[in-house]
Each structure stands twice: as structure tokens, then as C-alpha cells.
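As a plain string of letters, each chain reads:
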Amino acid sequence: MGSNASIMLQQEDLQNICQQTGFTVKQVQRLYSRFKALDKRDCGYLTREDLQCIPEVNINPLGERLIDVIMDDYGEHNKINFKQFIFLLAKFRQGKFKSLITEYNTRESKLRFLFDMYDRNHDLKIDRSELLDVLKMMVGGNIHDDQIATIADHTIGELDKDGDRSITFEEFCKTLERIDADEKMSMKFLS
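Residues numbered from 1 in each chain as written. Predicted model: local features only at pLDDT ≥ 70, side-chain atom pairs only at ≥ 80, totals over all residues. Heavy atoms only, no water.

## A word on the layout of surface pockets
In this structure, the largest pocket spans a volume of roughly 1,200 Å³. Taken together, 39 residues line the largest pocket, and the ones lying closest to its centre are Val57, Leu66, Phe92, Phe113 and Met187. Elements supplying a minimum of two residues to the lining of the largest pocket: helix 2 (25-38), helix 4 (55-58), helix 5 (63-74), helix 6 (82-90), helix 7 (107-118), helix 8 (128-139), helix 9 (145-159) and helix 10 (169-175). For the lining of the largest pocket, the leading source of residues is helix 2, giving 5 residues. Among the residues making up the lining of the largest pocket, the classes are represented as 29 nonpolar, 5 polar and 5 charged. In terms of domain composition, the lining of the largest pocket takes at least three residues from each of domain 1 (12-94) and domain 2 (106-190). (1 Å grid on protein atoms, 1.4 Å probe; cavity = no way out; pocket = protein on both sides within 12 Å on 5 of 7 lines; lining within 4 Å. Points joined across faces, edges and corners; volume = space filled by probe spheres on them. Helix = DSSP H or I, 4+ residues; strand = E, 2+ residues; numbered from the N terminus. Nonpolar A, V, L, I, M, F, W, Y, C, P; charged D, E, K, R; others polar. Domains from an automatic or database assignment.)

## What to know about the domain arrangement of the chain
In many reports, interface size means the accessible area that the parts give up when they come together. The domain architecture assigned to the chain consists of domain 1 (12-94) and domain 2 (106-190). Domain 1 and domain 2 are separated by 23 Å when their C-alpha centres are compared. Every contact between the two is made by 19 residues of domain 1 and, on the other side, 18 residues of domain 2. Approximately 1,900 Å² of surface area, both sides summed, lies buried where domain 1 meets domain 2, with 63% of it carried by carbon and sulfur atoms. The largest share of the area that domain 1 buries against domain 2 comes from Arg65, Phe92 and Gln94, three residues that together contribute 37% of it. Where domain 1 packs against domain 2, one counts 3 salt bridges. When the shortest N-O distance is used, the salt bridge between aspartate 133 and arginine 65 registers 3.9 Å. Going through the elements one at a time, helix 2, helix 5 and helix 6 are the ones with two or more residues in the side of domain 1 that touches domain 2. (Contact = heavy atoms within 4.5 Å. Buried area = accessible area lost by both parts, 1.4 Å probe. Salt bridge = Lys/Arg side-chain N within 4 Å of Asp/Glu carboxyl O.)

Shown next as C-alpha cells:
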């Protein structure tokens, strides 16, 4: 694999990826084909521009933030190679049955990814500024900044249990404990 896209996915790599991620051989091969299709320059990695060409990402109000998380947290130097890409996608495999759960698609792993969509300074908490950024992305210009600030302040006031005026990962998880993260944060990968 490496950085040269013309190198075929090696059998040994394929087996290791399947074992670590829980994907089937056929799923990995399909994802590899999709990766290569997105890699229009045939350079062995995807860039921000490649990810922006995905229609579902391009129209999503949080698309740029999603790309930030992918590139900054899972890639290197604003590039993501196939192995990084597939281990990221493994987070979104369904894990309804214990036999389908790997270290990548646990509830905690999915919630950590979601938490990281907010916590971009990586201080392990969501502060008012980070929450405001995401709220503004989600509502665009449809709500006045004062109203968004009120929503952010109320949200932090409700979720902040330790009084530090931010939301820790534990507080974030506690809020979402009744949500089926596996169902809400999973994609179906064709077999």
C-alpha cells in the first residue's frame, strides 16, 4: 500500500485490516476501490479537496468540521492514506453483537469521535467557544448570534456537573447514555 496508489492491496495487509477492523475481505476491497476512486490524482492518499468532492460531505453543514477531524486527528500533514481511512471508517461499523465489536467501533470510540467534532483544541473538554462554533455551523444564519449564545450557555449549564463551565467527555457521555450510539453512528457497509 504505502503512498503509491498503484501498489495493490497486499493479501497480508488485507488479512490484518480485516482482523483488526472486523470488515470482511469483500468490504475492504470495496472500500479500497472507493478510496482509489476518490484519489483522483492517483497519489495514494486523500486530501481535503478529495473529501470535499463527496456530495454528502459537501452539503453537510458540519462537512468542513468533519474534514478537519479526519485530517487533523486521523491523517497526517493534511493527507489520509488507505489504512488511516479504513481504520477511521471502522468506527462506523455496526456493533450490535459482541462478536462484531472491535476496539474501533465501541460505543466509547463512536462517542469520542463525536466529542472530538466539538473539542478541536484537544483539551478534553468542550468550552463555550467550541460549542458556539458548532451551533453556528448547524444553524447557519437562521438564528441570531445572541440566541445561539443563549443556547450554548444553557447547554453548558445543564451538562456541566463539575462547575468548570465546560463539558468533559464523561459529562458528554452521561448526556447521551440513553441514545443508541451504535444505531445513530453506524453506516451499512455492503458485504
